Amino acid sequence: MLKIGHTVKVPKTLRGPAPSDEEEVIQVPEELERVPGIPMQQDTVTFYSRHYPVESHNVENFVYRKWSRQVSDIKETRDEHERLNKPIVRAAAESGNIEPTVEPTPGKDVTDEIKAKALELGFAMVGITAYDSRYTYKSKRNWVKPFPHAICLAMEQPYEETQTIPSEPAESAVFATYRREGKVGLELADYIRSLGYHAQVHSPNDASSVVHPMFVQAGMGQMGAMGYLLSPHFGSRHRLMMITTDALVDYDEPVDYGIHAFCTICQVCVNRCPGRALMREQVWWRGVEKFKIIAKRCRPVMARYAACGICMKVCPIQRYGLQPVMDHYASTGQVLGKGTHNLEGYDMHDIGYFGPGELPRFDSDFFHIPEGYADQHALEELKARIMAGDVPDGPEGDKVFAEFRARLQEVVKGPVDAMQAEYQDDQDEF
Amino acid sequence: MPQFDKLMIDNFFAELRSQLGDEDNWDDLVKDAHLGIARSDADVDIGDIDSRVAALIKKHQGS
């Protein structure tokens, strides 16, 4: 039995909309103790946010999003989700402009009321911390209202479907979870306004910021080796969203659940990633110590295999919960489920089943996919055609340059954000 | 005892669904099943899970 360093009592606000009265206590072995939250160098985070600000995937990888919609093996499901989700995303985009409906009660702290309402509406987790504008996407800086507090919210996605990843039923469940949390997020914002305060809904599907650091700061989990937030009760099986507000609230504190160190030992997701996109070692990245995924090896698989998510499926904390995983590790020194078909096996629709120690093989062309800003991509394609001798002098070459000019004009005049570009058409401005 | 391989897992969950698929707490039973199989594979005590699920795990583990 390993020596226990400290214990963490998981609050009811992190255990689902209807948590049992039974206590959930995590025993963190001494050898897994690090720091509450995540190791961080504040000055470095600030430096990067000023000089190399983060940007939305929908902007800096505009062409990937468009391409992935076309090659998706679940295109119809995804298109239907986008159709149903569009009004929810649009409502969130306007939510910061709505005024409160009453005057607030002076001096009354509304933390408990907001948390209780969030759980009543079906959120699985709720925590509150300061909104950290260092993580605001460059293209969203003018959209984000100056409300100082971040209400961090998570909706559980269905358990059984998640264990079938990668599959259409699993991704359908993800889409349904996003729509459900988008809707009730708008309801929670209405409730906050009924208390006399402003509330801006940051849609999980049109993200304004990197939200994970705020969830960690609010004590809702720690970062896993696959780049997800791992929470004690759900692991990575939840979808995150945020509401910022000027309501009078108290902050939660970061917690050391032992996850930061546990992931360096477990490594199941690293071993099982079909794209070999996950790293064994943590690195310092923009001021935090974390596992940095190699997106260029992840996205080609995501696009073609129902948004993948194998790293979510094979995570023992997702599958079993942190309490039994930590108890097993403390008593045996082993990772529960590691090396077993039940945890590590997965099916990929056109290439079969892969058990422990087995991975699919993809040729190098599989990983060559469209990426980058829309204007950059247009230029890269032109350069490739020139290199290939496809742009001769004379009328044929002039035609290629005319096509390039027309395409660049279309890009420059259109939205820089791929999602907004999708949502925009002549009759229906985003 | 052998670990659960893919065929055993598929057969186990098929029987679990046929026996208990209509239960109101089906989702909890599926969670118990995954936890029980993991502990069974690790050759440790199966712990505090639904007794019907535990019995089915033992049956399939011995098959």
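Residues numbered from 1 in each chain as written. Chains lettered and ligands numbered in written order. Predicted model: local features only at pLDDT ≥ 70, side-chain atom pairs only at ≥ 80, totals over all residues. Heavy atoms only, no water.

K.L.:
Lay out the overall build of chain B with the relevant residues and their values.
P.N.:
From N to C terminus, chain B includes 3 helices and 0 strands. The secondary structure elements of chain B, listed N-terminal to C-terminal, are α-α-α. Expected size for 63 residues packed as a compact globule is a radius of gyration near 11 Å; at 11 Å, chain B falls within 12% of this value. Its C-alpha atoms give chain B principal-axis dimensions of about 30 × 25 × 15 Å. Residue burial in chain B is summarised as follows: out of 63 residues, 48% are buried. Taking the intrachain contacts of chain B between residues at least 6 apart in sequence as the baseline, contacts between residues at least 24 apart amount to 47%. (Helix = DSSP H or I, 4+ residues; strand = E, 2+ residues; numbered from the N terminus. Rg over C-alpha atoms; globule rule 2.2 N^0.38 Å. Buried < 20%, exposed > 50% of the residue type's maximum accessible area, 1.4 Å probe, protein only. Contact = heavy atoms within 4.5 Å.)

K.L.:
Please give an account of the pattern of salt bridges that cites residues and values.
P.N.:
All names here are of chain A. Scanning all chains against the criterion turns up 24 salt bridges over all chains. Where Arg-237 meets Glu-156, a salt bridge forms, and the shortest distance between an N and an O atom there is 2.8 Å. Residue Arg-237 is found in the loop between β7 (229-230) and β8 (238-245), and its partner Glu-156 is found in strand β4 (residues 149-156); the two are separated by 81 residues along the sequence. Arg-385 is paired through a salt bridge with Asp-390; the nearest N and O atoms lie 3.0 Å apart. The exposure class assigned to Arg-385 is partly exposed, which follows from its relative accessible area of 32%. (Salt bridge = Lys/Arg side-chain N within 4 Å of Asp/Glu carboxyl O.)

K.L.:
Can you lay out the packing of helix α16 (residues 374-387) of chain A against helix α17 (residues 395-413) of chain A for me, pointing to particular residues and giving the numbers?
P.N.:
All names here are of chain A. Relative orientation of the contacting elements α16 and α17 amounts to 170 degrees, with a least axis distance of 9 Å. If you check the angle between α16 and α17, you find them roughly antiparallel. Of the residues in α17, those in contact with Ala-374, Asp-375, His-377, Ala-378, Leu-379, Glu-381, Leu-382, Arg-385 and Ile-386 of α16 are Val-400, Phe-401, Glu-403, Phe-404, Arg-407, Leu-408 and Val-411. (Axes fitted to C-alpha atoms, helices over the stretch in contact; angles between N-to-C directions. Parallel < 35°, antiparallel > 145°, perpendicular 65-115°, else oblique.)

K.L.:
I'd love a proper account of the domain arrangement of chain A, names of residues and values included.
P.N.:
Residue and element names in this part refer to chain A. If you check the domain split of chain A, you get domain 1 (1-372) and domain 2 (374-423). Contacts between domain 1 and domain 2 engage 18 residues on the former and 12 residues on the latter. Here domain 1 packs against domain 2, burying approximately 1,300 Å² in sum over the two surfaces, 58% of which is carbon and sulfur. Connecting domain 1 to domain 2 are 0 salt bridges. Viewed at the interface, domain 2 and domain 1 are joined by 1 residue pair in polar contact (both at pLDDT 80 or more). Of all the elements in the fold, those that place two or more residues in the side of domain 1 that touches domain 2 are α2 (57-60), α3 (62-71) and α4 (75-94). When residues in the side of domain 1 that touches domain 2 are grouped by element, the largest group, 5 residues, is from α4. When its residues are assigned to classes, the side of domain 1 that touches domain 2 shows 5 nonpolar, 5 polar and 8 charged. (Domains from an automatic or database assignment. Buried area = accessible area lost by both parts, 1.4 Å probe. Polar contact = N/O pair within 3.5 Å; in protein donor to acceptor, adjacent residues only side chain to side chain. Nonpolar A, V, L, I, M, F, W, Y, C, P; charged D, E, K, R; others polar.)

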